[in-house]
Structure formats: structure tokens, C-alpha cells
Amino acid sequence: MKLKLGIVGCGGLFCNRVLPVLQEMSEYQVIALADVNPDALSFVSNKLKVKEKYIKFEDFIKNSSCEAVYLSVPNHLHFPLASAILKSGRHIICEKPVTISSHEAYELKNVIDKTNSVFMVAYMSYFNRYNEKAIEIINSGKLGKVKYINSVRNSFCQTGEGEITVVDKSGRKKDVHI
């Protein structure tokens, strides 16, 4: 059974970075969209063939049957919208920064603790194939005990090649190509 996903925020970040990836995945079904911009809403709904569209966030929260929400709105809206999503019993993937102040962060943690919902920050690096490969190499023990890793991410890498530098406990640097 596919996860029913809602999208709140259909702007540039979502359209340019997230939408192309979502279109290739099959683990979920986008069933609802919310955005204050009717043009952005129409563009994404046409791309994803989603009929359930909301201009008002309150209507999305009240009427949508999605199980989880990807939140991609201006930073100052992360806290109030994430709080409302969690209080509605839905899971959430929230773009960075999660909040714009430490006070909001503590308040959001309190909301998370009071729900059974999963809250995840949208760090693409968690599941990046290069990081997964680096973790695999480190966990294999081939490098010895690793004290420090310095990595560089290049968005324009066309070859799929990557490199990490590992410093072993003696201070020697080792370049690892992945």
C-alpha cells in the first residue's frame, strides 16, 4: 500500500529539486497539494495529476486525507504549519531550517513529543548514495578507526563519481573514491 502524501508549498525549491525526484518514486501517492499561489498549484497538480488542491492551509488540514506531508514553505512558516500538521496526526518531512529561533525549536519538540507522528528534517544527505557508500566503507573496518571525515559535495558532478577524505587515528589522510 502506498503512503498518501500531501505537499504544502509548490514553489521553486519543490518544483526544481523535489518534484523531479518524486515523479520517479513509487512508494507513495501524492493526493493533495496546498499553496497560496494558484499558478504554482496548477503547475504541480498538472505534473502530478493531483485533483485535491487547496489555496488555504486550514482547508488542507481539515479536508485532506493524506497520511504524511512534505513541507516546503518560507522559513518563517515552518513552525506554525509543522505544528498544525503534527497536531492533525500526520507525519511530516520539513525543509530546513525547521524553525527560525531556538524558542520555536523547543516548542516544536514539545509538539512532536505529544504526538505519535514521525518528524523528519529534509536533509537529502541522509540517503545520498555517496554518504551511504562512505558509511559502508567506514563500517567495513578497511580504513581502521576513523576520527575525522571531510567531504565535498558537488551538485554539478556529471560522472556519478565522488571522493571523500578520511583521516585515520595517526593523522594520515586517505582519499577514498566512491
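Preceding this section is the structure that the text describes.
Residues numbered from 1 in each chain as written. Predicted model: local features only at pLDDT ≥ 70, side-chain atom pairs only at ≥ 80, totals over all residues. Heavy atoms only, no water.

Draft legend 1. Expanded view of the pairing of strand S4 (residues 68–71). Here S4 shows two buried faces, one formed by Ala68 and Tyr70 and the other by Val69 and Leu71. As judged from the four bridges shared by strand S1 (residues 3–8) and S4, these two strands associate in the parallel manner. Residue valine 8 lies in a different strand from S4, and its bridge partner there is leucine 71. Inspection of the sheet shows S4 paired to strand S5 (residues 91–94) by four bridges, in the parallel sense. Looking across to S5, one finds that valine 69 is bridged to isoleucine 92. (Buried < 20%, exposed > 50% of the residue type's maximum accessible area, 1.4 Å probe, protein only. Helix = DSSP H or I, 4+ residues; strand = E, 2+ residues; numbered from the N terminus. Pairing = 2+ DSSP bridges.)

Draft legend 2. The arrangement of the packing of aromatic side chains in detail. Counted by the stated rule, this structure contains three aromatic pairs. When the ring of phenylalanine 14 is compared with that of tyrosine 70, the centres are 5.9 Å apart and the planes differ by 45 degrees; the resulting orientation is tilted. Highlighted residues: phenylalanine 14 in helix H1 (residues 12–22) and tyrosine 70 in strand S4, separated in sequence by 56 residues. Between phenylalanine 57 and phenylalanine 60, the aromatic rings sit 6.2 Å apart at their centres with planes inclined by 25 degrees, giving stacked as the arrangement. (Phe/Tyr/Trp six-rings, centres within 6.5 Å; stacked < 30°, edge-to-face > 60°.)

Draft legend 3. Representation of unusual backbone geometry in the model. The omega angle of the peptide bond from lysine 96 to proline 97 is -15 degrees, so this bond is cis rather than trans. Here proline 97 shows up in the loop between S5 and helix H5 (102–113).

Draft legend 4. Examining the sheet that holds S5 more closely. Pairing within the open sheet is parallel, and its six strands lie in the order S3-S2-S1-S4-S5-S6. Each of the sheet's edge strands pairs with one partner strand only, and the pair in question is strand S3 (52–54) and strand S6 (119–121). The sheet shows a mean angle of 25 degrees between the axes of neighbouring strands, taken without regard to direction. In terms of strand pairing, S1 meets strand S2 (residues 28–34) through six bridges, oriented parallel. Residue pairing in the sheet places leucine 5 in a bridge with valine 30 of S2. (Axes fitted to C-alpha atoms, helices over the stretch in contact; angles between N-to-C directions.)

Functional significance is not addressed by these values, which are geometric in nature.
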